[in-house]
Amino acid sequence: MITIDALTKRHGERTVLHGLSLEARPGRVTGFVGPNGAGKSSTLRCLLGLDRIDAGTALVGGRPYRELRHPLHTVGAMLDGAGAHPSCTGRAHLRWVAAGSGIPRRRVDEVLELVDLADAARRPVRTYSLGMGQRLGLAAALLGDPEILILDEPVNGLDPAGIRWMRDLVRKHACAGGTVLVSSHMLSELAEVADDVVVIAQGRVRATGTLTEVAGDHGDLEEAFFALISPEVQS
Ligand SMILES: Nc1ncnc2c1ncn2[C@@H]1O[C@H](COP(=O)(O)OP(=O)(O)OP(=O)(O)O)[C@@H](O)[C@H]1O
């Protein structure tokens, strides 16, 4: 479960999140959408303890991220691709992440298989394609077999087979009772996988509900998105 309540974030004088609230529930995939600069990454960074919160709360599994006893077992996050040093091999990177959390080495080989990177595991990350980098980022998120997955633009750089594979993985995770929060600009793709949707613009929630509720009378998520983010619509 992810629970964000009245989250406010400022950068200097500028408020970028204005009392934002949202939930992502177990057994469901929640899509998180908004135009460039809406505040999606800021929200996820606050949720993952990477940025300081100015007011409100952002909880993963009922606690602030920094208070989690076993963070990688509770939440797996993929932000900005792999985050690995370019000269490191994919396998060495995952071993380093695993070692920091007491995760056994055999789990590294398991996740490499899971994301279909076993053949490239001994190559330096600088030789990886964009999609391979995404797969490595996902492998790191899956290391602790967490209940909660937070994925920022997960299909960025993936080929059609990779997109389908990611969709299946996300769906299976939710079907097994996991919580998935996915931020994406690919609205048609998101509509294939999301049960619930949160639309934000200018640091405020514009709509939240099931995919059907949010799409409402607009026909589809894309039409709803453009209607909801227009400056005339206020939360
Ligand atoms: N470190 C920072 N310092 C100052 N302003 C920032 C900082 N990080 C983000 N912002 C501002 O916060 C606002 C929200 O940015 P954020 O990256 O959260 O949006 P986003 O919805 O993730 O956008 P995108 O879809 O382009 O990734 C933007 O106006 C951005 O310029």
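Summary of the structure given here. This structure is a prediction, so every number in the text was calculated from the model and none was measured.

The rules behind the values
Residues numbered from 1 in each chain as written. Predicted model: local features only at pLDDT ≥ 70, side-chain atom pairs only at ≥ 80, totals over all residues. Heavy atoms only, no water. Core = buried A, V, L, I, M, F, W, Y, C linked by side-chain atoms within 4.5 Å. Buried < 20%, exposed > 50% of the residue type's maximum accessible area, 1.4 Å probe, protein only. Contact = heavy atoms within 4.5 Å. Phe/Tyr/Trp six-rings, centres within 6.5 Å; stacked < 30°, edge-to-face > 60°. Lys NZ or Arg CZ within 6 Å of the ring centre and 35° of its normal. Axes fitted to C-alpha atoms, helices over the stretch in contact; angles between N-to-C directions. Helix = DSSP H or I, 4+ residues; strand = E, 2+ residues; numbered from the N terminus. Parallel < 35°, antiparallel > 145°, perpendicular 65-115°, else oblique. Left-handed = near helix turned anticlockwise from the far one by under 90°. Nonpolar A, V, L, I, M, F, W, Y, C, P; charged D, E, K, R; others polar. Near = heavy atom within 4 Å. Polar contact = N/O pair within 3.5 Å; in protein donor to acceptor, adjacent residues only side chain to side chain. Pairing = 2+ DSSP bridges.

**Some details on the nonpolar core**
- L94, L117, L138, L143, V180, V197 and V199 are the most contacted members of the largest nonpolar core, which totals 51 residues.
- In contact with L117, not counting residues within four places along its chain, are L112, Y128, M132, R135 and L136.
- Of all hydrophobic cores here, the second largest spans 25 residues; its members include L22, V60, I148 and I200.

**Points about the packing of aromatic side chains**
- Under the criterion given, the structure shown has 1 aromatic pair.
- Between F225 and F226, the ring centres sit 5.4 Å apart and the planes meet at 80°, which makes this aromatic pair edge-to-face.
- Above the plane of the ring of W165 lies R135, whose end atom (NZ or CZ) is 4.5 Å from the centre.

**Overview of the packing of helix α3 (residues 90-100) against helix α4 (residues 105-114)**
- Between α3 and α4, the least distance of the axes is 9 Å, while the angle of their chain directions is 130°. The angle between α3 and α4 places the two elements in the oblique class. Relative to α4, α3 is oriented so that their crossing is right-handed. Listed contacts from α4 to R91, L94, R95 and A98 of α3 are R105, V108, D109, V111 and L112.
- In the contact of α3 with α4, the residues fall into 5 nonpolar, no polar and 4 charged.

**What to know about unusual backbone geometry**
- Phi is positive for D116, which is not a glycine, with a value near 65°.
- Position of D116 among the secondary structure elements: in the loop between α4 and α5 (130-142).
- Judged by its relative accessible area of 60%, D116 falls in the exposed class.
- Even without being a glycine, D145 presents a positive backbone phi close to 50°.
- Mapped onto the elements of the fold, D145 is located in the loop between α5 and β6 (148-152).

**Some details on the side chain of S42**
- Here S42 is to be found in helix α1 (residues 40-47).
- S42 sits in the buried class, given a relative accessible area of 16%.

**Overview of the site of the ligand**
- The immediate surroundings of the ligand are formed by H11, R14, V16, P35, N36, G37, A38, G39, K40, S41, S42 and H185.
- The separation between an oxygen atom of the ligand and a polar side-chain atom of S42 is 2.6 Å.
- Here an oxygen atom of the ligand and a side-chain polar atom of H185 are 2.9 Å apart.
- At the level of secondary structure, the elements contributing two or more residues to the shell around the ligand comprise β2 (14-24) and α1.
- Considering each element in turn, the shell around the ligand owes the most residues, 3 residues, to α1.
- In the shell around the ligand, the residues fall into 3 nonpolar, 7 polar and 2 charged.

**Examining the pairing of strand β1 (residues 2-11)**
- Pairing of β1 with β2 involves 7 bridges; the strand directions are antiparallel. In the strand pairing of β2, I2 is matched with A24.
- Taking the residues that link successive antiparallel strands as the turn, the β1-β2 hairpin has 2 residues, and the phi of G12 there is positive, at about 60°.
- Relative to strand β4 (residues 55-60), β1 is paired through 5 bridges, and the arrangement is antiparallel. Bridged to T3 within β4 is L59.

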